[in-house]
Amino acid sequence: NDQGYDATSVAALAAKLGLTKSALYHHVESKESILAVALDDALTGLERALDDAVAVEATALASLRHIVRGAVGVLTAKLPQVTLLLRVRGNSEIERAALERRRAFDHRVTALVREAQSAGDLAGDIDAAVATRLIFGMVNSLAEWYRPGGAVDPDQLADDVLRLSLGGLERGPDGGRAVG
């Protein structure tokens, strides 16, 4: 994450870990296998959060709230892996496979947004795919500034992301949602 995947050598990884290259190779097959494990860890966490949301919640909006909270939880718990996931560009087969899993995740979330719009629980005048990108743009931006053990509590952070992404900050004169 400090130098980027392509610019990081196995020697640099070994040095960072306080190992020799041969000791590192004793535990891992290649730099690519480390990438695959990290990406899989991040994606599996996100996919599990989505699967749990759909299985547990009764409405699309409740599922969407659950997945946003779950995605913030995955990001805060697995910050290095998620940061790496957010930086892949499809330069290798492992990266392309990870990007395909991310697209599938996004499509499933977009379907939840559409379903919540159809039920009248979310404004229907915003394209569901755009709404999904904006919500996860906010969630993904946490990787740039969130620090585990810092002043920001992960649970409160999830509440704040939900409030901003699904409820908004602007309120009308009657205290309800402002109509723009």
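Refer to the preceding data block for the structure.
Cut-offs applied
- Residues numbered from 1 in each chain as written.
- Predicted model: local features only at pLDDT ≥ 70, side-chain atom pairs only at ≥ 80, totals over all residues.
- Heavy atoms only, no water.
- Helix = DSSP H or I, 4+ residues; strand = E, 2+ residues; numbered from the N terminus.
- Buried < 20%, exposed > 50% of the residue type's maximum accessible area, 1.4 Å probe, protein only.
- Contact = heavy atoms within 4.5 Å.
- Areas by Shrake-Rupley, 256 points an atom, 1.4 Å probe, with all protein chains shown as cover.
- Lys, Arg positive; Asp, Glu negative; His and termini not counted.
- Charge placed at Lys NZ, Arg CZ, Asp CG, Glu CD.
- Axes fitted to C-alpha atoms, helices over the stretch in contact; angles between N-to-C directions.
- Left-handed = near helix turned anticlockwise from the far one by under 90°.
- Nonpolar A, V, L, I, M, F, W, Y, C, P; charged D, E, K, R; others polar.
- Core = buried A, V, L, I, M, F, W, Y, C linked by side-chain atoms within 4.5 Å.
- Salt bridge = Lys/Arg side-chain N within 4 Å of Asp/Glu carboxyl O.

(A) The arrangement of the overall build of the chain in detail. Assigned secondary structure in the chain consists of eight helices and zero strands. Put simply, the chain runs from its N terminus to its C terminus through helices and strands in the order α-α-α-α-α-α-α-α. Expressed as lengths along the three principal axes of its C-alpha atoms, the size of the chain is roughly 65 × 35 × 30 Å. The buried share of the chain, reckoned over its 180 residues, is 36%. Long-range pairs, those at least 24 residues apart, make up 62% of the contacts in the chain between residues at least 6 apart in sequence. Split by element, the accessible area of the chain, about 10,400 Å² in all, is 54% carbon and sulfur. Taking the average place of the 20 positive charges on the side chains of the chain and the average place of its 25 negative ones, the gap between the two points comes to 4 Å.

(B) Broad picture of the packing of helix α7 (residues 128-145) against helix α8 (residues 154-167). Direction vectors running N to C along α7 and α8 enclose 145 degrees, while the axes themselves pass 10 Å from each other. Note that α7 runs across α8; the crossing there is right-handed. For the pair α7 and α8, contact is made by I135, M138, V139, L142 and W145 and by L157, V161, L164, S165 and L166, respectively. Looking at side-chain class alone, the contact of α7 with α8 contains nine nonpolar, one polar and no charged residues.

(C) Region of interest: the nonpolar core. With 46 residues, the main nonpolar core has I67 and F136 as its most contacted residues. Where this core is concerned, the elements lending two or more residues are α3 (31-56), α4 (60-77), α5 (79-87), α6 (93-118), α7 and α8. If sequence neighbours within four positions are ignored, F136 has contacts with I67, A71, F105 and V109.

(D) Main features of the pattern of salt bridges. According to the stated counting rule, one finds nine salt bridges in the structure shown. Between K78 and D41 there is a salt bridge whose closest N-O contact spans 3.1 Å. Of the two residues, K78 is situated in the loop between α4 and α5 and D41 in helix α3; the sequence distance between them amounts to 37 residues. Given the relative accessible area of 24%, K78 is considered partly exposed. With its nearest N and O atoms 2.3 Å apart, the salt bridge here joins R69 to D159. Placement of the pair is R69 in helix α4 and D159 in helix α8, with a sequence separation of 90 residues. The class for R69 is partly exposed, based on a relative accessible area of 35%. Among the ionic contacts, a cluster of salt bridges with common partners joins D40, E47 and R101.

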